Amino acid sequence: MKSDRFSYRAPWWLPGGNPQTVWAALASRRHFGPPPRWKRSRWKTPDGDFIDVDQALHSSAQEAPLLVLFHGLEGSSASQYAVAFADFAAAHGVAYAVPHFRGCSGELNHAPRAYHSGDFQEIDWILRRFAEEHPGRPLIAVGVSLGGNALMRWAGEMGTEATSCVRAIASVCSPLDLAAGGHAIGRGFNRVVYTRMFMRSMVPKALGKLEQHPGLFDRQKLLAARDLYEFDNLFTAPLHGFKDTTDYWARASAKPVLHSIRVPALALNARNDPFVPAESLPTQQDAGHHVTLWQPEQGGHVGFPVSHGPLGLPGHVRAMPEAVGNWLLAHL
């Protein structure tokens with residue numbers, strides 16, 4: 001089914017995908033209520049590693065839904081969208097949790113593996129554990145960017161089985177065609193700004209992995225990598241069972257399995273997202289009957305800032321979580 005219920009309009013003073021992306025991440029207001037407080041739990045993974053899970057401490061009824069957010073590349077519970085969704089959850093009395101992908105909670109995980117865009121087995125284990133620990137709460141989930149692709153991939157792989165675990169899911173600004181997104185972030189302004197930002201975080205973590213597991217990859221080649229394609233070729237792909245970056249991007253993308261999703265699912269993508277080319281976005285024919293597509297013209301990458309305060313400044317980023325969160329709640 002198709003819906004245009006999120007009719008986003010960008011502030012006049014933020015024209016274009018890059019300003020909407022950068023301003024939202026660095027300057028916009030993230031919460032209307034008090035900032036979220038977290039209780040951190042460490043979960044032991046089936047392979048003997050660990051992840052850290054932050055659960056918001058605001059009050060909610062015992063039978064209230066639990067919203068689980070899967071963050072984006074190098075994200076965490078401190079990311080602006082995670083805080084904004086926490087504010088939405090508190091305002092609506094919804095329980096809320098952010099599981100961190102391995103190595104993203106501030107402490108390097110133990111195993112050679114890290115995380116990747118198609119890590120649907122990890123999504124499956126995490127969601128099933130939440131369902132077991134909160135049997136009285138209906139479970140809904142949202143994934144942002146990388147986390148959204150992995151979540152949609154999980155739903156496509158699980159088919160009808162996903163309905164036994166979650167009531168509804170959503171992806172926000174996810175590169176559902178990883179090859180298109182990967183090539184886009186490696187060009188022009190994206191390469192100069194966003195690629196460098198990600199590499200500043202990812203390369204030290206990879207080197208930490210090499211200290212844990214000597215011989216895991218070629219150190220000098222990794223230090224010479226200048227974009228995500230080269231990084232994935234040397235680190236992400238071989239460590240997670242893929243032949244190379246091309247194989248990884250092809251096999252991990254969610255777009256080819258969207259038609260197999262059997263749980264209510266929302267895919268929100270701005271058509272001016274600098275990371276996700278508009279021509280790569282799924283059509284309703286790609287998505288199938290159970291997936292709703294929201295594709296506003298503006299918004300940037302996980303941006304969607306809205307005017308707020310004197311002269312509209314500094315703006316806030318609560319409109320997107322409100323729209324996505326209410327869509328999820330409507331499908332309980």
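Scroll up to find the structure this text is about.
What counts and what doesn't
For every chain, the first residue of its written sequence is number 1, and the numbers climb from 1 along that sequence. Predicted model: local features are reported for residues with pLDDT of at least 70 only, side-chain atom pairs are reported and counted for 80 or more only, and whole-chain, interface and lining totals are derived from all residues. Heavy atoms from the whole structure form the basis of all side-chain values; hydrogens and water molecules are not counted. Exposure above 30% relative accessible area and the absence of a salt bridge qualify a residue for a patch, where like charges join within 9 Å and nonpolar side chains (Val, Leu, Ile, Met, Phe, Trp, Tyr) within 5 Å. Per-residue accessibility takes into account occlusion by the displayed protein chains alone, with areas from the Shrake-Rupley method and a 1.4 Å probe. We define a salt bridge as a contact between a side-chain nitrogen of Lys or Arg and a carboxyl oxygen of Asp or Glu at a distance within 4 Å. Each helix is a run of H or I in the DSSP string that is no shorter than four residues. Each strand is a run of E no shorter than two, and both are numbered from the N terminus. Note on aromatic contacts: the rings of Phe and Tyr and the six-membered ring of Trp form a pair at centre separations within 6.5 Å, being stacked when their planes are under 30 degrees apart, edge-to-face when over 60 apart, and tilted otherwise. In this scheme, a residue with accessible area under 20% of its type's maximum is buried, one over 50% is exposed, and one in between is partly exposed, where area comes from a 1.4 Å probe on protein chains only. Charge over a ring is defined by NZ of Lys or CZ of Arg lying within 6 Å of the ring centre and within 35 degrees of the ring normal. Interaxial angle, 0 to 180 degrees, is taken between N-to-C directions of lines fitted to C-alpha atoms, where a helix line uses only the stretch in contact. In these notes the angle categories are as follows: under 35 degrees is roughly parallel, over 145 is roughly antiparallel, 65 to 115 is roughly perpendicular, and the rest is oblique. Should the near helix be turned anticlockwise from the far one by less than a right angle, the crossing is termed left-handed; should it be turned clockwise, right-handed. Residues count as neighbours in contact if any of their non-hydrogen atoms are within 4.5 Å of one another. Criterion used throughout: strands pair if DSSP finds at least two bridges between them.

1. Notes on a nonpolar patch on the surface
Inference 1: Residues Phe189, Val192 and Val193 make up a contiguous nonpolar surface patch of about 240 Å² in total accessible area.
Inference 2: Locating Val193 in the fold gives a position in helix 6 (residues 188–212).

2. A word on the packing of aromatic side chains
Inference 1: For the coordinates displayed, the defined rule picks out 17 aromatic pairs.
Inference 2: Ring centres 5.1 Å apart and planes at 40° place the aromatic pair Phe242 and Tyr248 in the tilted group.
Inference 3: The buried category is assigned to Tyr248, whose relative accessible area is 3%.
Inference 4: Among the aromatic residues, those joined into a cluster by ring pairs are Phe6, Tyr8, Trp294 and Phe304.
Inference 5: For the cation-ring pair, Arg42 lies above Phe50, with the distance from its terminal atom to the ring centre recorded as 3.9 Å.

3. As for the packing of helix 2 (residues 80–91) against helix 11 (residues 319–330)
Inference 1: One can describe the packing of helix 2 onto helix 11 by two numbers: an axis separation of 9 Å at closest approach and a directional angle of 55°. Compared by their axis directions, helix 2 and helix 11 come out oblique. For the crossing formed where helix 2 meets helix 11, the hand is right-handed. The segment helix 2 lies against helix 11, with Ala84, Phe85 and Phe88 engaging Met320, Pro321, Glu322, Val324, Gly325, Asn326 and Leu329.

4. Points about the pairing of strand 8 (residues 291–294)
Inference 1: Judged by which residues are buried, strand 8 turns out to be covered on both faces: Val291 and Leu293 on one side and Thr292 and Trp294 on the other are all buried.
Inference 2: Bridge analysis of strand 7 (residues 265–268) against strand 8 gives 4 bridges, and the strand direction is parallel. Within strand 8, the position partnered with Ala265 by the bridge is Val291.

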